[in-house]
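Below, each chain spelled out in residue letters.
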Amino acid sequence: MYLFKRDGISIRPVLDMRIENVRRCFPIRICVIYHRKSKYYSTGESSSTYDWARFFVSRRKDLAISRQRVVKRFEMIVDITSGLMEQQIFSFDNLKAELFKRTSPSYNLNHMEE
């Protein structure tokens, strides 16, 4: 299982069983815990409880693709968190801002001025 722990910050992927969709699946989220407060960040993937039990070891193609997306998102959050910790400015607000910078599309309008 993927898990990151350092300086009181824990990050791990979880199956968020608070919300169930129509297909009886639950969203997979990245849980960040800091000072006993937790925030959940979406991965855009969902899984049933049965598939979640073997999510990180299964060779099924659809689970492998979902696993790659979850791991990519997990590694992005760990990378951002590590950078903020090195600068000693980690907070959920700073993490959210950095995630927004990396995941939102950027529109370069300078080429339209020519």
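Here the structure is a predicted model, which is why all the values come from computation and not from measurement. (Residues numbered from 1 in each chain as written. Predicted model: local features only at pLDDT ≥ 70, side-chain atom pairs only at ≥ 80, totals over all residues. Heavy atoms only, no water.)

### Considerations on the overall build of the chain
When you go through the chain residue by residue, the secondary structure sums to three helices and four strands. Moving toward the C terminus, one meets the helices and strands of the chain in the order β-β-β-β-α-α-α. Each principal axis of the C-alpha atoms in the chain carries an extent, and together these give about 50 × 40 × 25 Å. Taking all 114 residues of the chain together, the buried fraction comes to 38%. Restricting to contacts in the chain with at least 6 residues of sequence separation, those with at least 24 account for 42%. (Helix = DSSP H or I, 4+ residues; strand = E, 2+ residues; numbered from the N terminus. Buried < 20%, exposed > 50% of the residue type's maximum accessible area, 1.4 Å probe, protein only. Contact = heavy atoms within 4.5 Å.)

### Considering the side chain of Ser66
By the element assignment, Ser66 lies in helix H2 (residues 61-86). In contact with Ser66, not counting residues within four places along its chain, are Glu45 and Phe55.

### Side note on unusual backbone geometry
In this model, Arg24 sits at a positive phi of 60°, which is unusual for a non-glycine residue. Looking at where Arg24 falls in the secondary structure, it is placed in the loop between strand S2 (9-15) and strand S3 (26-34). Positive phi, close to 60°, is recorded for Gln88, a residue that is not glycine. Here Gln88 lies in the loop between H2 and helix H3 (92-103). Given the relative accessible area of 73%, Gln88 is considered exposed.

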